[in-house]
Amino acid sequence: MKARVASIERITAETQIRARLNLDGRGRYNVGTGVRFLDHMLELFAKHGGFDLKLKATGDLDVDQHHTVEDVGIVLGQLVSKALGDRKGINRAGYFVMPMDETLAVVAIDLSGRPALVYDDKVKVRLVGDLQTELTEDFFGGFVNHAGANLHAKVLYGRSSHHKIEAVFKCFARALRFACSRDRRLKDQLPSTKGLL
């Protein structure tokens, strides 16, 4: 089967991002965004999804993290969409429930072509590591708008804010891994009764 790989270079007034994604990889990564906690989450995304991800981002972090975090989400969504191509033969939808010590999270995704996000991580602190926590929702918003995906992410309970965000990213990776997976029985079919995505 043809490898599903995409590369993107996105340059704006606020950020410069170069990235490559292999959906059929082995969980290898080389990531640098200038926000170390975001790097850690992207590394977990690659490892738990079995994706190979190379991503280098430089942005106006002296202003705020917002542009960098959101734009990385945008680029990740573009990479997934480009790598999937016409989306024929994929499962399309997936979900995962992830325990992270005392925390439990669930993520469900549908690569329907329609963007929608419902997000609740129950994080009440401003920072986890060096990441402004309110920006995780902006990251996933950027992703869904450019991947053409419905994404529902919810932390059911937990104590540690670090664990809450980490559980969401691990869930996201594993749910996406299943949604992107190919089913030989569906190899010539779009995963839609409408005949389009």
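Positions within a chain are numbered from 1, following the residues in the order the chain's sequence is written. The predicted nature of this model means local features are confined to residues of pLDDT at least 70 and side-chain atom pairs, given and counted, to a pLDDT of 80 or more, with totals for whole chains, interfaces and linings taken over all residues. Working from all heavy atoms in the structure, the side-chain values ignore hydrogens and water.

J.: Could you give an account of the pairing of strand β10 (residues 150-157), naming the residues involved and the relevant values?
T.: Two strands are said to pair when DSSP picks up at least two bridges between them. The helix and strand labels rest on DSSP assignments: H or I over at least four residues marks a helix, E over at least two residues marks a strand, and numbering proceeds from the N terminus. The pairing of strand β6 (residues 103-110) with β10 spans seven bridges and is classified as antiparallel. Residue pairing for β10: Ile 109 is matched across the bridge by Leu 151. Across five bridges, strand β7 (residues 116-120) lies against β10 in parallel orientation. Opposite Ala 116, over in β10, you have Asn 150 as the bridge partner.

J.: Go over the pairing of β6 with me, naming the residues and quoting the values.
T.: Among the eight residues of β6, six are classified as buried, and the element is accordingly described as predominantly covered. Where strand β5 (residues 93-100) meets β6, eight bridges bridge the pair, whose relative direction is antiparallel. Within β6, the residue paired with Met 100 across the bridge is Thr 103. Hairpin connection between β5 and β6: a loop of two residues separates the two successive antiparallel strands, and Asp 101 in this loop has a positive phi of roughly 55 degrees. To sort residues, take the accessible area from a 1.4 Å probe on protein chains only and compare it with the maximum for the residue type: under 20% means buried, over 50% means exposed, and anything in between is partly exposed.

Geometric values such as these leave the question of function open.
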